[in-house]
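# Structural overview for review
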Amino acid sequence: MSAAESPLFDAIVRIDRMPAAGRDLKVSLDEATRAALADQLKISAVDTFEATLMVAPLRGGLRAQGRLIADIVQPSVVTFEPVGQHIDEPIDRIFLPETGAHRPTPGSEVFVDLEDDDFPDHIDGPEVDLSALLIETLALAIDPYPRLPGEELDSLGIDADKQAS
């Protein structure tokens, strides 16, 4: 998303106004916003979208923990019939300000530990827009090959080996 584009929904949290104990953030999308989200994700529909987050200050940034619950509809990869999917995903993400001390110099080597937990997201400024986090969480939970129970290419009478020749 470019800087000129506005987010689909408001989930902005200001770090400089965050209570020390943190605060709850609830996001519930209306029908028009769910339709725009479905269009953005290239699926048939987003029937429900509810997120509950506890956002707390952490080392100059913040930590967002909670849950995203959504119901989506997308076409089956076999018959193109609508397939529903219930999504219930935990969220735990850290956003920290980027410091100049951690920037590598040009030409230097950077060590990345692939066994380590997720790296924190870097922020610049006093605001964090959590809408991108919620959309990303939903997008990663979507079944890339949805099918109705019992659907297979064989049930359509198509011989995949014959079609390949």
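Anything mentioned here points back to the structure above.
Rules used throughout
Residues numbered from 1 in each chain as written. Predicted model: local features only at pLDDT ≥ 70, side-chain atom pairs only at ≥ 80, totals over all residues. Heavy atoms only, no water. Helix = DSSP H or I, 4+ residues; strand = E, 2+ residues; numbered from the N terminus. Buried < 20%, exposed > 50% of the residue type's maximum accessible area, 1.4 Å probe, protein only. Contact = heavy atoms within 4.5 Å. Polar contact = N/O pair within 3.5 Å; in protein donor to acceptor, adjacent residues only side chain to side chain. Pairing = 2+ DSSP bridges. Core = buried A, V, L, I, M, F, W, Y, C linked by side-chain atoms within 4.5 Å. Axes fitted to C-alpha atoms, helices over the stretch in contact; angles between N-to-C directions.

### Quick notes on the overall build of the protein chain
Summing up its helical and strand segments, the protein chain has 3 helices and 7 strands in all. In the protein chain, the order of α-helices and β-strands from amino to carboxyl end is β-β-α-β-β-β-β-β-α-α. The proportion of buried residues among the 165 residues of the protein chain is 30%. Taking the intrachain contacts of the protein chain between residues at least 6 apart in sequence as the baseline, contacts between residues at least 24 apart amount to 68%.

### Describing the side chain of Arg93
Within the secondary structure, Arg93 sits in strand β5 (residues 82–97). Looking at Arg93, its side chain comes within polar contact range of the side chain of Glu136, at 2.5 Å. Apart from the residues within four sequence positions on either side, Arg93 is in contact with Leu62, Arg63, Ala64, Asp121, Leu133 and Glu136.

### Quick word on the pairing of β5
If a strand is regular, its side chains alternate between the two faces of the sheet. Pairing geometry for strand β4 (residues 61–75) and β5, over 14 bridges, is antiparallel. The partner of Arg63 across the bridge, within β5, is Ile94. Relative to strand β6 (residues 121–123), β5 runs parallel, the two being bridged by 3 bridges. Bridged to Phe95 within β6 is Asp121.

### So, the nonpolar core
Counting residues in each nonpolar core, the largest one holds 34 residues, and the members touching the most others are Val27, Phe49, Val55, Leu62, Leu130 and Leu138. Of all the secondary structure elements, the ones that give two or more residues to this core are β2 (23–28), α1 (31–41), β3 (45–58), β4, β5 and α2 (131–141). Among all residues touching Leu62, those that are not within four sequence positions of it are Val13, Ile15, Met18, Val55, Ala56, Pro57, Arg93, Ile94, Phe95 and Val128.

### Quick word on the sheet that holds β3
A sheet is described by the order of its strands in space; here 5 strands give the open sequence β2-β3-β4-β5-β6, paired in mixed fashion. Looking at the sheet topology across the chains shown, the edges are occupied by β2 and β6. Averaged over all neighbouring strand pairs, the angle between strand axes comes to 25 degrees, with direction disregarded. Pairing of β3 with β4, which is carried by 13 bridges, proceeds in the antiparallel orientation. Across the sheet, Glu50 pairs through a bridge with Ile69, a residue of β4. The sheet strands contacting α2 are β2, β3, β4 and β5, and the helix crosses β5 at an angle near 135 degrees.

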